[in-house]
Amino acid sequence: MSEMTNKLIVVVLDGLRYDAARKYMGYLEHLVEQGSLSCYRVQSELPSLSRPLYEVLLTGTPVSKNGITANHIVRPSHEESVFHLAVGANLRTAAVAYHWVSELYNSAPFDPLADRHQHNVMKPIQHGSFYFEDHYPDSHVFADAVYLRSAYDPHFLYIHSMNIDDAGHRYGGESKEYELSVRNADGLLATVLPIWMEQGYKILITADHGMNANGHHGGVTSSERDVPLYTFGVDVLSSEKEDQVIPQLRLAPLMCHCLGLAPSAAMSKEGLPPFVQKQLHHEGAEPLPLG
């Protein structure tokens, strides 16, 4: 396995509900029709709130285990994230994300003046560009990501945009403004995905939570919990049926598998397909080979 095949880009489109993705993301759905991407339905953990689900996505642990129970819990994570595991295996990491991600994995509280750009190879997120306003343009997020990818060549690049969520809160998850923000994100992905695909990256595109018609999330309804998962270069989900709902706890160990890493001890091994579980058991849960 080459180094490139162990490189992963994860895109989290904050607040993107499953049905909106399937209706409005014309470029991604084109790639699904062509067989280049696969798309699955993921059910978020509860509560369907942002900061708790950032922790779920990156540590594979439920709120009852990780303690990030609400958006106002401002402290570093106590769990091993995918960032921690990657750096421990001498892989390079980078992120463009809302500042709450920096607070979870690099330092808290976030200082907008000092922490906007971070470069420290001793941190879990070695190279970070963190924004602190929900309306920070998605176009800038992806431009920042292109810069970090070209400048630092990370094995694990995490990209998190906020405009869909911002539009949902302002106008509701069934508004024309929300729809437009989804379409705009699809257009941005149409610019960068062909490049990343040609370069051989594995790619996961998902969301933390959805958005209801009243502009809220946090509850148990499908509009708040159901989000998409688009995959490129990821074969371990090939046996899944499109209408099968995948638990969100599965995504962190899936990221680990894409990077050639064993999941942390706290991550649910049930999130991995049977043949990967057997491989980890046989290898004593050592990291999968990187070369």
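On a predicted model such as this, the values are computed, not experimentally measured, just so you know.

Asks: Can you help me understand the environment of Q43 in this one?
Replies: Counting through the fold element by element, Q43 comes out in strand β2 (residues 38-43). Spatially, the C-alpha atoms of Q43 and P247 are 5.3 Å apart, while their sequence positions differ by 204 residues. In contact with Q43, other than residues within four places in its own chain, are R225, D226, V245, I246, P247 and Q248.

Asks: Where do I start with the packing of aromatic side chains in this structure?
Replies: Geometry of an aromatic ring pair is reported as the spacing of the ring centres plus the angle between the planes. Applying the stated criterion across every chain, the model contains ten aromatic pairs. An angle of 55° between the planes, with centres 6.3 Å apart, marks the rings of Y54 and W100 as tilted. Of the two residues, Y54 sits in helix α3 (residues 50-59) while W100 sits in helix α6 (residues 99-105), which places them 46 residues apart along the sequence. The class of Y54 is buried, set by a relative accessible area of 0%. By relative accessible area, W100 is classed as buried at 16%. One residue, R51, lies across the ring of W100, its end atom 4.3 Å from the ring centre.

Asks: What is the right way to look at the side chain of H155 in this model?
Replies: Positionally, H155 belongs in the loop between α7 (138-152) and β6 (156-161). Within polar-contact distance, the side chain of H155 engages the backbone nitrogen of R92 at 2.9 Å.

Asks: Would you mind going over the packing of α7 against helix α9 (residues 176-198) with me for this structure?
Replies: Packed helix pairs are specified by the crossing angle of their axes together with the interaxial distance, meaning the distance between the axes. Interaxial distance between α7 and α9 falls to 10 Å at its minimum, and their mutual angle equals 15°. In terms of axis orientation, α7 runs roughly parallel to α9. Judged by the twist between their axes, the crossing of α7 over α9 is right-handed. Contacts from D138, S139, F142, V146 and R149 in α7 reach A185, L188, L189, V192 and W196 in α9. Considered class by class, the residues forming the contact of α7 with α9 number seven nonpolar, one polar and two charged.

Asks: Would you mind going over the pairing of strand β1 (residues 8-13) with me for this structure?
Replies: Residues in a regular strand project their side chains so that they alternate between the two faces of the sheet. Burial of β1 is extensive: six of the six residues sit out of reach of the surface. The alternating pattern of β1 places L8, V10 and V12 on one face and I9, V11 and L13 on the opposite face, and all of these are buried. One ladder, built from six bridges, connects β1 with β6; its direction is parallel. Its bridge partner lying in β6, V11 is registered against I159. Of the pairings in the sheet, the one linking β1 to strand β7 (residues 202-206) comprises five bridges and is parallel in character. Following the sheet pairing, I9 is matched in β7 by I203.

Asks: Can you help me understand the confidence of the model for the protein chain in this one?
Replies: Low-confidence regions, as indicated by low pLDDT, have predicted coordinates that should not be scrutinised in detail. With 88% of its residues at a pLDDT of 70 or more, the protein chain shows a mean pLDDT of 91. Low pLDDT (under 50) marks residues 282-291, which in the prediction has 24 contacts with non-local residues, meaning those over four places away or in another chain.

Asks: Explanation requested: the side chain of Q126 in the structure shown.
Replies: Among the structural elements, Q126 can be located in the loop between β4 (117-119) and β5 (127-131). The exposure class assigned to Q126 is buried, which follows from its relative accessible area of 7%. Not counting the four nearest positions on each side in its chain, Q126 is found in contact with V87, L91, R92, T93, Q118, H119, N120 and V121.

Asks: I keep staring at helix α2 (residues 26-33) and nothing clicks. Help me out?
Replies: Along α2, the residues classified as buried are Y27, L28, E29, L31 and V32. The inward-facing, buried residues of α2 contact α1 (18-24), β2, α9, β7 and β8 (226-232). Of the residues one or two after α2, G35 is the one with positive phi, at around 85°.

Asks: Help me out: how do you make sense of the environment of F232 in this one?
Replies: Along the chain, the position of F232 falls in strand β8. In this structure F232 comes out as buried when scored by relative accessible area, which is 18%. The residues touching F232, leaving out its near neighbours within four places in the chain, are S36, L37, M197, Y201, K202 and I203.

Rules of the game
Residues numbered from 1 in each chain as written. Predicted model: local features only at pLDDT ≥ 70, side-chain atom pairs only at ≥ 80, totals over all residues. Heavy atoms only, no water. Helix = DSSP H or I, 4+ residues; strand = E, 2+ residues; numbered from the N terminus. Contact = heavy atoms within 4.5 Å. Phe/Tyr/Trp six-rings, centres within 6.5 Å; stacked < 30°, edge-to-face > 60°. Buried < 20%, exposed > 50% of the residue type's maximum accessible area, 1.4 Å probe, protein only. Lys NZ or Arg CZ within 6 Å of the ring centre and 35° of its normal. Polar contact = N/O pair within 3.5 Å; in protein donor to acceptor, adjacent residues only side chain to side chain. Axes fitted to C-alpha atoms, helices over the stretch in contact; angles between N-to-C directions. Parallel < 35°, antiparallel > 145°, perpendicular 65-115°, else oblique. Left-handed = near helix turned anticlockwise from the far one by under 90°. Nonpolar A, V, L, I, M, F, W, Y, C, P; charged D, E, K, R; others polar. Pairing = 2+ DSSP bridges. pLDDT = per-residue confidence, 0-100.

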